[in-house]
Amino acid sequence: MTAPSQHLTEEERQTLADGTMDPARSGTAAAHTRVCVDCATDIARIRMLMARTRDASAPPEALDELWPAIRSRLDARKVVSIAAGVPDAAPVVPRRTRHAFRAGLLGAAAAAAAVVITFLPIRERNRAGDDAGGRQRQDKTPPFVAVVDSARSYEAEARSLLDRLELQRAVIRPEAARLLERDLRSVDVAIAELKDAIARDPNNPTLRQLLASSYRQKIDLLRRAGNAG
Amino acid sequence: MRVDWRTLALLLVVAAAEARGQSSADGPVLGARALRQGASLKIWVDGGRLRLIAWDRDSILVRGHAGRGERFVFGGDSNGMKFGTEARAGNGPIGRSEIAAWIPRRSTVSVKSVAAAVESAGVSGWFYSVSGAIHLSGRATSIEAESMNGSLDLDVSTPWLRARTGDGRLLLRGAPEDVDVSTISGTLDVTATTVRRGQFGSVSGDIRYAGSPVAGGIVEFSSHSGNVELILPSDASAEFALTSISGSIENGVTRAQPIAASPRSLRLMLGRGGSQVTVRTFKGAIRLRVR
């Protein structure tokens, strides 16, 4: 406890204000506030602030609207459905959020990852030439597992790009946003069809090349939209 | 008598400009100053029309007029400049400006537009428009052109070119060498025959290539649901790998020697080969025919 001639410490003011001070000390501290205007005023200010905080209404609606997007992003980061032995496995992104635009941004994280996932092994294969008969080449396909770790680091980099794009969303012109949503739908349909085909024919190099190409299109599209602000 | 050197310089620039084939018909002079070769320029025009012309002088001259409700801004120094139009107040409708600028040939520009038609001749750099058409021509050190849905007409001679658009048409001609171009749903037409490394892609737009691959060239065409059509001269020489997951493959080149074939892929050799052409589609048709 400070001497009577000294002001109360910050900790003493805080605990006196919220009533958590040790009863053995609170009597002396309270006596100090009766003779020290500064400390008394400060404690009164702290109490008023605490009362306001308690009485504060619920967060405005806009914050509520933000939560689904935040939750979706957290979920997207948590879910990594890379099944053993399934070459096409990529981080699962929710199929469609309420907001097509936001969904597009989220999807691009998976896009970047899938570009790496699909493109790296393909590059290797491509040196030996392209081939529609993916099934015939199953035994030659490099193991997918080798690029998963690399995909994660690329994915993290993509997320920072997504965060930046999401911040820019408010300044993107409405007509550009409409164009973006329409084009994103086109690309998303293509990606969905390719994923479906890859699920049936996992080692087809052509499907993987096409999927990589579609993901690149999506990332390019989001970047272009970022310039529309 | 005191000489106002800035006025004198402006008069000299304007006089030189008159001698270079442009005049007051392009509008009043909005700005002029000395600018070193290789300077960087940032240009912003919302709507209307922007023309950029490279010239062999160490100065910049801008003519034209700003659209209604807009003003012309012009600033910087001899190493780099920024000019364009901006709204006088608020977010009103996009004005229709008419801007023509003559800039040093080796300048690098960064052009941004919302709806303005952008034209340039002999200018290198980055060109972006949300919905305006972009037409680039002449010789450039590098070109990057992007639009959300504007059409791109790229008739340039450049070692490096990259272009993207949504549903606008993308036309590539001229003499580019390293090329990466794509659309989402717009048609992609390629008549350039100097491409050494090329990637041509679309999600749902058709791709048409009319030309002969250069010796040693590696070119890839990729489309999800659009058709890819290759129209070749009778003396074309290349090795083709054509693959479609569920689309048809039509070989209209009778002299082509099939190397390998399966229901969904076809490998062909034309002439001595010498260049590699790969085509992949998911459900778009692939057509190969002779011009």
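1. Overview of the overall build of chain B
If you tally the helices and strands in chain B, you get one helix and 25 strands. Buried residues in chain B amount to 52% of all 291 residues. A sequence separation of at least 24 residues applies to 46% of the contacts in chain B between residues at least 6 apart.

2. A short note on the environment of B:Gly150
Within the secondary structure, B:Gly150 is located in the loop between β12 (143–147) and β13 (152–165). Taking the C-alpha atoms as reference points, B:Gly150 and B:Ala133, separated by 17 residues in sequence, lie 4.8 Å from one another.

3. Structural notes on the pairing of strand β10 (residues 124–129) of chain B
All names here are of chain B. When you tally the buried positions in β10, you get five out of six residues, the bulk of the element. Pairing between β10 and β12: five bridges, direction parallel. Counterpart to Gly 125 in the pairing with β12 is Ile 143.

4. A word on the interface of chain B and chain A
By a widespread convention, an interface's size corresponds to the accessible area lost as its parts come together. Counting residues at the interface gives 26 residues for chain B and 28 residues for chain A. Mapped onto the side of chain B that touches chain A, the elements with two or more residues apiece are β20 (238–244) and β24 (276–281) of chain B. Looking at the side of chain B that touches chain A residue by residue, the classes come out as nine nonpolar, 13 polar and four charged.

5. Here we look at helix α8 (residues 205–226) of chain A
Taking 1.5 Å per residue, 22 residues should reach 32 Å; α8(A) reaches 32 Å between its end C-alpha atoms and fits that length. Most of α8(A) is tucked away: 21 of the 22 residues are buried.

6. Describing the pairing of strand β18 (residues 218–223) of chain B
Residue and element names in this part refer to chain B. With respect to burial, β18 is a largely interior element, five of its six residues being buried. Pairing geometry for strand β16 (residues 197–202) and β18, over six bridges, is parallel. Looking across to β18, one finds that Ser 202 is bridged to Ser 223. In the sheet, β18 pairs with β24 via six bridges, with the strands oriented parallel. Residue pairing for β24: Phe 221 is matched across the bridge by Val 279.

7. A word on the confidence of the model for chain A
Residues and elements named next belong to chain A. Here chain A averages 66 in pLDDT, and 48% of its residues register 70 or above. The least confident element of chain A is helix α5 (residues 100–127), whose mean pLDDT is 48; the most confident is helix α7 (residues 174–200), at 87. Segment residues 58–63 is flagged for pLDDT under 50; beyond a separation of four residues in sequence, or across chains, it makes one contact in the model. For the stretch residues 79–100, pLDDT sits under 50, and the model shows 40 contacts to residues farther than four places along the chain or on other chains.

8. Concerning the environment of A:His32
All names here are of chain A. With respect to the secondary-structure elements, His 32 resides in helix α2 (residues 23–35). Residue classification places His 32 among the buried residues on the basis of 21 C-beta atoms within 10 Å. Note: C-alpha distance between His 32 and Gln 6 (26 residues apart in sequence) is 9.0 Å.

9. Notes on the packing of α7(A) against α8(A)
Residue and element names in this part refer to chain A. Across the interface, α7 lies against α8 with an axial gap of 9 Å and an inter-helix angle of 165°. Judged by the inter-axis angle, α7 sits roughly antiparallel to α8. Both α7 and α8 take part in a crossing whose hand is left-handed. Contact with α7, carried on its side by Ala 176, Leu 180, Asp 183, Leu 184, Val 187, Ala 190, Ile 191, Leu 194, Lys 195, Ala 197 and Ile 198, involves Leu 207, Arg 208, Leu 210, Leu 211, Ser 214, Tyr 215, Gln 217, Lys 218, Leu 221 and Ala 225 of α8 and no other residues of that element. Of the residues in the contact of α7 with α8, the class split is 15 nonpolar, two polar and four charged.

10. Notes on the nonpolar core
Counting 69 residues, the largest nonpolar core has B:Ile60, B:Ile103 and B:Leu154 as the members making the most contacts within it. Leaving out residues up to four positions away in the same chain, B:Ile60 has contacts with B:Ala32, B:Arg33, B:Leu35, B:Met81, B:Ala101, B:Trp102 and B:Ile103. Listed in part, the 26 residues of the second largest apolar core include A:Leu194, A:Tyr215, A:Leu221 and A:Ala225.

Calculation criteria
- Residues numbered from 1 in each chain as written.
- Chains lettered and ligands numbered in written order.
- Predicted model: local features only at pLDDT ≥ 70, side-chain atom pairs only at ≥ 80, totals over all residues.
- Helix = DSSP H or I, 4+ residues; strand = E, 2+ residues; numbered from the N terminus.
- Buried ≥ 20, exposed ≤ 12 C-beta atoms within 10 Å, placed from the backbone.
- Contact = placed C-beta atoms within 7 Å.
- Pairing = 2+ DSSP bridges.
- Nonpolar A, V, L, I, M, F, W, Y, C, P; charged D, E, K, R; others polar.
- Expected span 1.5 Å × (residues − 1).
- pLDDT = per-residue confidence, 0-100.
- Axes fitted to C-alpha atoms, helices over the stretch in contact; angles between N-to-C directions.
- Parallel < 35°, antiparallel > 145°, perpendicular 65-115°, else oblique.
- Left-handed = near helix turned anticlockwise from the far one by under 90°.
- Core = buried A, V, L, I, M, F, W, Y, C linked by C-beta atoms within 7 Å.

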